[in-house]
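What the coordinates show
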Amino acid sequence: MAGTLKTVTDASFDDDVLKSTKPVLVDFWAAWCGPCRQIAPSLEAIAAEYGDEIEIVKLNIDENPETAAKYGVMSIPTLNVYQGGDVVKTIVGAKPKAAILRDLDGFVTIKG
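Quick look at the pairing of strand β2 (residues 24-29) now. For β2, a buried count of five out of six residues is recorded, marking the element as mostly surrounded by other parts of the structure. Here β2 runs beside strand β3 (residues 55-60); their pairing, made up of six bridges, is parallel. Bridge assignment links Trp29 to a residue of β3, and that residue is Asn60. Between β2 and its parallel partner β3, the chain crosses via helix α2 (residues 34-50), and the hand of that crossover is right-handed. Looking at chain direction, β2 and strand β4 (residues 78-83) are connected through five bridges and run antiparallel. Within β4, the position partnered with Phe28 by the bridge is Thr78.

Here the focus is the packing of aromatic side chains. Tallying each qualifying case throughout the model produces three aromatic pairs. Look at Phe13 and Tyr71: their rings are 5.6 Å apart centre to centre, the planes differ by 40°, and that puts the pair in the tilted class. In this pair, Phe13 sits in helix α1 (residues 13-18) while Tyr71 sits in the loop between α3 (65-70) and β4, placing the two residues 58 residues apart along the sequence. Since its relative accessible area comes to 2%, Phe13 is described here as buried. Using a relative accessible area of 22% as the deciding quantity, one classes Tyr71 as partly exposed. Measuring from ring centre to ring centre gives 5.3 Å for Phe13 and Tyr82, while their planes differ by 85°; the resulting arrangement is edge-to-face. Of this pair, Phe13 sits in helix α1 while Tyr82 sits in strand β4; the two residues are 69 residues apart in sequence, bridging distant segments of the chain. Neither residue differs from the other here; Phe13 and Tyr82 are each classed as buried. Three or more aromatic residues link up through ring pairs in this structure, and these residues are Phe13, Tyr71 and Tyr82. Here Lys58 stacks its cationic end above the ring of Trp29, 4.7 Å away from the centre of that ring.

About the cut-offs
- Residues numbered from 1 in each chain as written.
- Predicted model: local features only at pLDDT ≥ 70, side-chain atom pairs only at ≥ 80, totals over all residues.
- Heavy atoms only, no water.
- Buried < 20%, exposed > 50% of the residue type's maximum accessible area, 1.4 Å probe, protein only.
- Helix = DSSP H or I, 4+ residues; strand = E, 2+ residues; numbered from the N terminus.
- Pairing = 2+ DSSP bridges.
- Right-handed = clockwise from strand over helix to strand, strands pointing away.
- Phe/Tyr/Trp six-rings, centres within 6.5 Å; stacked < 30°, edge-to-face > 60°.
- Lys NZ or Arg CZ within 6 Å of the ring centre and 35° of its normal.

Structure, rendered in structure tokens:
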């Protein structure tokens, strides 16, 4: 069930995200970022509920600066949804789970 989300790196980004057959939400975060820690439980819950429709992964921007720079991530948390190798949605800032799900409408079938 809920647990630690998969971590991607600059080295694994192409295979884990860009070549994925389903949409991938990438959480650009850092250990020192309070709002990043705040949304982590919501992302884990969404991954547990909607993992069959969307993959949710984390990328630490301090450890993987190349990918963050390539996609112009200026503030964190930034959540990018990738589909077919392209960014199709960007969500910036900490939001409650319900708001994140609303932003993901079209990628996941909202339950209840």
